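Below are the chains, spelled out letter by letter.
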Amino acid sequence: MSIFDFKEPLAFEWDKGNQDKSRAKHGVSNIECESAFTSDILFLFHDAKHSIYEDRYVLISRVSSVPLFIVFTVRDSIIRVISVLRILIKV
């Protein structure tokens, strides 16, 4: 059983604090990040260690066959992405 039942339309909070940070630091666009919530979700779990002030979650999903690692919280039914990065796999 999943923590969330992600169904479209989803609402995301993008502001000065997180809007372009993912692209600038990790090369992941906001659109890619949003699509991860309705793509091939591999793992989704509550991050108890980092949930001091609010519940935080980790989502690992595949977008266009590229795995993304996303840390997020939910505020008033709106998803706020805290961090996102591509998972680089070397074989």
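In this text the structure is predicted, and so the values were computed from the model without any measurement. (Residues numbered from 1 in each chain as written. Predicted model: local features only at pLDDT ≥ 70, side-chain atom pairs only at ≥ 80, totals over all residues. Heavy atoms only, no water.)

(A) Just the environment of Phe 72, in detail. Among the structural elements, Phe 72 can be located in strand 3 (residues 66-75). Along the chain, Phe 72 and Asp 47 lie 25 residues apart, while their C-alpha atoms are 9.5 Å from each other. (Helix = DSSP H or I, 4+ residues; strand = E, 2+ residues; numbered from the N terminus.)

(B) Inspection of the packing of aromatic side chains at higher detail. For the coordinates displayed, the defined rule picks out four aromatic pairs. Centroid distance Phe 12 to Trp 14: 6.4 Å. Interplanar angle 15°. Geometry classified as stacked. Look at Phe 12 and you get buried, because its relative accessible area is 17%. Pairing Phe 12 with Phe 37 gives two aromatic rings, centres 5.3 Å apart and planes at 70°, and the pair type is edge-to-face. Pair noted here: Phe 12 is in the segment before helix 1 (21-26) and Phe 37 is in the loop between helix 2 (30-35) and strand 1 (40-46), with a separation of 25 residues, a long-range link. Judged by its relative accessible area of 1%, Phe 37 is buried. Site record: aromatic cluster; members linked through ring pairs are Phe 12, Trp 14, Phe 37, Tyr 57 and Phe 72. (Phe/Tyr/Trp six-rings, centres within 6.5 Å; stacked < 30°, edge-to-face > 60°. Buried < 20%, exposed > 50% of the residue type's maximum accessible area, 1.4 Å probe, protein only.)

(C) Structural view of the confidence of the model for the protein chain. A residue-level look at the protein chain finds 80% of positions with pLDDT of 70 or above and a mean pLDDT of 83. The lowest-confidence element of the protein chain is helix 1, averaging 68 in pLDDT; the highest-confidence one is strand 2 (residues 57-63), averaging 92. (pLDDT = per-residue confidence, 0-100.)

(D) Seen up close, the sheet that holds strand 1. Pairing is antiparallel across the open sheet formed by four strands, whose spatial order is 1-2-3-4. At either margin of the open sheet sits one strand with a lone partner, and together these are strand 1 and strand 4 (78-86). The mean inter-strand angle of the sheet, taken between neighbouring strand axes irrespective of direction, is 25°. Two elements, strand 2 and strand 3, share seven bridges in a ladder whose sense is antiparallel. If you follow Val 58 over to strand 3, its bridge partner there is Val 71. (Pairing = 2+ DSSP bridges. Axes fitted to C-alpha atoms, helices over the stretch in contact; angles between N-to-C directions.)

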